[in-house]
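Now for the letters of each chain:
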Amino acid sequence: MKPILVRTHAVALTGISAHVIAVETHVGPGLVSFNLVGMPDASVRESRDRVRAALQSCGIDWFEHRVTINLSPAGIPKMGSAFDLAIAVGLLTARRVLSAGSVDGTVFMAELGLDGSLRPIRGILPAVIGVRREGLKRVVVAEESLAEAQLLPGVEVLGFSHLRDLVTHFGGRLLEGLPQLPPVLRINEGEAGHDLSFRGHIGSGGASGLKVSTGLTGVTGPTGSTGSTPPDLVDVRGQAFATEGLLVAAAGGHHMLMVGEPGAGKTMLAQRLPTILPPLEDDEAIEVTAIHSICGTFDPANGLMRTPPIESPHHSATMAAIIGGGVGIPRPGAVSRAHAGVLVLDEAAEFAPTVLDALRQPLESGLVNIHRSRQTVQYPARFQLVLATNPCPCGHALSRRKACTCSSIQQRRYMNRLSGPLLDRVDLHVPMMTPSAAELAEPARYTSSAALEIVTQARKRANKRWRKMPWSLNAQTPSRALRSEEAGFEQSVHTGIENAVAEGALSLRGADRVLRLALTIADLRGKDRAGLPELTKALQFRNGVRYGAP
């Protein structure tokens, strides 16, 4: 026979970066075999059996020739079932069921069921981003992935529920095959507590199984809702200093440590930080949504994730769960899922010290690099860290009601689980004690909506200050900019900082963080310049745990 060579396209993900892969199908004379080359992993090699069964279920005879599938470029690792559809379309084209011209320039991304149904895969949004970046204009996905693929403009998206519908749309025709499976197939993967439900609707042939989109839709929806009453800052009473610190953290993007006895409200405050953060901008929303698409925790029915995400892992979480990792291509950890949002480490002193210290690098760079022998994967990880912990094993070292039963050595050993270099990267150190009856009787100082407005106005002032710079938040301001004219500090502030450093009360990094806090406090107070009152308040927040609440 005369050899046949066909090319289709698929996508391989490395982190949140997508690479368009050429799927080259060669059918020629030789010993009957099916060879898959181009650095596929075990799950990709299993596509041979899925594709064979799917084509036979659709009435297509398998090849009695030597078939070679090359996934190019070969240097990029490939894993998962996302290549099934591209391989199947290449074989259908080699069978002359489809013409090469009809599928040229189209990227195919779906898993195949044994009956020929198309099933969704993870990472559709970052894959479509990569397709658009490479200049390709059309993608084909499973019908259930259509809503997610539609979130990005500039690419024509076709969604099918069955291979027969795809063939009909591209001008081919399949003979009657095997009966189809029941219309609903649910697959639950309990990964990290997330329920991933795939519902596969099998089409009945013709064009009825096709959905098309070329525009931008669903970009204003919030993140998924559990249906319960959302948390609100109005629930917090008797913690004026801590609530003020929460607003400072939200306005400037600062990290925060809360230390207090059990029941003081540390977790309650931490859970309400996302409610006073402004919605994500377009670029951030796309990046956050892409991360959660890879993790399988994104619901496309609600559109792009506009609400800053919050992650609160248990203190038994491993290094891979927090930072990222796993078998094969490393998956995002909690630090990446909290990108542009909040990472809450409740009972922080109970976390493994090695896990806590691993946060130091992403806190500085906003990125996490996970190295493997064959590759390095980079995920964004610019998050706000909120640490909440008891001051000692019994929890009552700061209590006004109960006596602490721990020795001084036990107290120091417990708090030393939070290393000095980590705490030096945390701007606000807030002590918390259980409110008295009189404090609880006082009305709440803020609602989340009122606090959000205050935070939004403060961020606008920061944006105006740094409008010529590549950053917008005070917490991201580099050291040299803090001492420039644009920062707008009064001379007394620099003098006070120099004295604190000379006395050893602040490290050089701590001095910069106090200056950033002073800027944020000035923004919250509606001031253009930060003076001694703002510096004093910043020092109180910086040294609050050490010296007690004011």
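Residues numbered from 1 in each chain as written. Predicted model: local features only at pLDDT ≥ 70, side-chain atom pairs only at ≥ 80, totals over all residues. Heavy atoms only, no water.

1. Some points on the overall build of the protein
Along its length, the protein carries 23 helices and 21 strands. When each of the 550 residues of the protein is scored for burial, the buried share is 52%. Expressed as a percentage of contacts within the protein between residues at least 6 apart in sequence, the contacts between residues at least 24 apart total 73%. Accessible area of the protein: about 23700 Å², with a carbon and sulfur share of 52%. (Helix = DSSP H or I, 4+ residues; strand = E, 2+ residues; numbered from the N terminus. Buried < 20%, exposed > 50% of the residue type's maximum accessible area, 1.4 Å probe, protein only. Contact = heavy atoms within 4.5 Å. Areas by Shrake-Rupley, 256 points an atom, 1.4 Å probe, with all protein chains shown as cover.)

2. Section: helix H3 (residues 84-94)
When you tally the buried positions in H3, you get eleven out of eleven residues, the bulk of the element. Positive backbone phi, approximately 65°, marks Arg96, located one or two places after H3.

3. Some points on the nonpolar core
If you look at the biggest cluster of nonpolar residues, it comprises 50 residues, and the most contacted ones within it are Leu233, Val430 and Phe489. Val44, Leu71, Val97 and Leu166 belong to the second-largest nonpolar core, a separate cluster that totals 46 residues. (Core = buried A, V, L, I, M, F, W, Y, C linked by side-chain atoms within 4.5 Å.)

4. Points about the packing of aromatic side chains
Considering all chains together, one arrives at five aromatic pairs under this definition. Here Trp62 and Phe63 contribute two aromatic rings whose centre-to-centre distance is 5.9 Å and whose plane-to-plane angle is 80°, an arrangement assigned as edge-to-face. Taking the relative accessible area as the measure of exposure, Trp62 reaches 15% and is therefore buried. Here the aromatic cluster, defined as three or more aromatic residues joined through ring pairs, consists of Phe34, Trp62 and Phe63. (Phe/Tyr/Trp six-rings, centres within 6.5 Å; stacked < 30°, edge-to-face > 60°.)

5. Considering the pattern of salt bridges
In the structure shown here, the tally under the stated rule is 21 salt bridges. Connected via shared salt-bridge partners are Glu364, Asp424, Arg425, Asp427, Arg509, Arg513 and Arg542. (Salt bridge = Lys/Arg side-chain N within 4 Å of Asp/Glu carboxyl O.)

6. Comments concerning helix H8 (residues 240-252)
Taking 1.5 Å of rise per residue, 13 residues should cover 18 Å, and H8 covers 19 Å from first to last C-alpha, within 8% of that figure. The buried fraction of H8 is high, at eleven of 13 residues. Restricting attention to buried positions, one finds in H8 the residues Phe241, Ala242, Thr243, Gly245, Leu246, Leu247, Val248, Ala249, Ala250, Ala251 and Gly252. Note on H8: the residue one or two positions beyond its end, Gly253, has a positive phi of about 75°. (Expected span 1.5 Å × (residues − 1).)

7. Quick look at the sheet that holds strand E21 (residues 428-432)
If you walk across this open sheet you meet the five strands as E14-E17-E20-E13-E21, and the pairing is parallel. This sheet does not close on itself; its edge strands, each paired only once, are strand E14 (310-311) and E21. Pairing of strand E13 (residues 256-260) with E21, which is carried by five bridges, proceeds in the parallel orientation. In the strand pairing of E21, Met258 is matched with Val430. (Pairing = 2+ DSSP bridges.)

8. Details of the environment of Phe34
Locating Phe34 in the fold gives a position in strand E3 (residues 33-37). Considering only alpha carbons, one finds Phe34 and Arg66, 32 residues apart in sequence, at a separation of 6.3 Å. Ignoring sequence-local partners within four residues, the contact set of Phe34 consists of Arg48, Trp62, Val67, Ile69, Ile87 and Leu91.

9. A short note on the environment of Leu385
Note that Leu385 resides in strand E20 (residues 384-389). Taking relative accessible area as the criterion, Leu385 reaches 0% and is therefore assigned buried. With sequence-adjacent residues up to four places away left out, Leu385 is seen in contact with His255, Met256, Leu343, Leu345, Leu359, Leu363 and Leu422.

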